[in-house]
Amino acid sequence: MRIAVYPGTFDPVTNGHLDIVRRASSIFDRIILAISENPRKHPLFSLEERRFLAEEAVQGIENVRVETFEGLLVQYAKQRQATAIIRGLRAVSDFDYEFQMTLLNRKLMPDLETVFLMPSEEYSYVNSTIVKEVAHLGGRFDCFLPTGAAKALAEKIRGMKNPIQ
Ligand code: PNS
């Protein structure tokens, strides 16, 4: 059983994330989409909201499940008997952070490989932060998000003064 963890903040899950999940699910036997609380990023959605939206989005992809985790990613991955971490790589600008994180994680847990997947080009510029900004400024954002996440973001924006984080 080849298990991979796909970690992130998922605030909220986007179509780009889903694209990566689908690609990963055809390579590994089981994917665990693992949501980090990540208070440093001051997420707009609570951990439970993010989990709910991600669960809704991956329904129908059989070998994917959603969990939340705290603490070190490598320890969590080991507990789950994962042999790989999945990360999406969109543009050169992602590289520095991913490079640093991969080498750090490798130092901490040498047996755990990080596997980078590229999303379809139509999602190569999409990230949760930019989508939240577009939403807050009144632009159309539903094309970037799974249906449930788009609805939830619209509701969140209606109830908030400054939802951009
Ligand atoms: O989607 P993001 O915000 O780029 O995901 C970052 C995430 C959650 C994968 C990263 O911050 C993480 O692994 N956090 C868990 C704590 C940890 O292990 N930190 C050391 C590696 S950076």
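Residues numbered from 1 in each chain as written. Predicted model: local features only at pLDDT ≥ 70, side-chain atom pairs only at ≥ 80, totals over all residues. Heavy atoms only, no water.

Colleague: Help me understand the site of the ligand in this model?
Modeller: Near the ligand you find 15 residues, and of these G8, T9, K41, L73 and R87 are the closest. Taking K41, its side chain carries an N or O atom lying 2.8 Å from an oxygen atom of the ligand. Measuring from an oxygen atom of the ligand, one finds a backbone N or O atom of L73 at 2.8 Å. The protein chains hide 82% of the 520 Å² of surface that the ligand would expose on its own. Those elements giving two or more residues to the shell around the ligand turn out to be β1 (3-8) and α4 (95-108). (Near = heavy atom within 4 Å. Polar contact = N/O pair within 3.5 Å; in protein donor to acceptor, adjacent residues only side chain to side chain. Areas by Shrake-Rupley, 256 points an atom, 1.4 Å probe, with all protein chains shown as cover. Helix = DSSP H or I, 4+ residues; strand = E, 2+ residues; numbered from the N terminus.)

Colleague: In this structure, what is going on with α4? I would like to understand it.
Modeller: Since the α-helix advances by 3.6 residues per turn, residues separated by three or four positions end up pointing in the same direction. The terminal C-alpha atoms of α4 lie 20 Å apart, and with 14 residues this matches the ideal 20 Å at 1.5 Å per residue to within 8%. Every buried residue of α4 is accounted for by E98, M101, T102 and N105. Around the axis of α4, the buried residues are gathered within 100 degrees of arc, so they sit on the same side. For α4, the exposed residues set more than 90 degrees away from the buried face come down to D96, Q100, L104 and K107. Its buried side turned inward, α4 meets α3 (73-79), β4 (84-88) and β5 (113-117). (Expected span 1.5 Å × (residues − 1). Buried < 20%, exposed > 50% of the residue type's maximum accessible area, 1.4 Å probe, protein only. Arc of directions from axis to C-beta. Contact = heavy atoms within 4.5 Å.)

So yeah, pure geometry; function would need other evidence.
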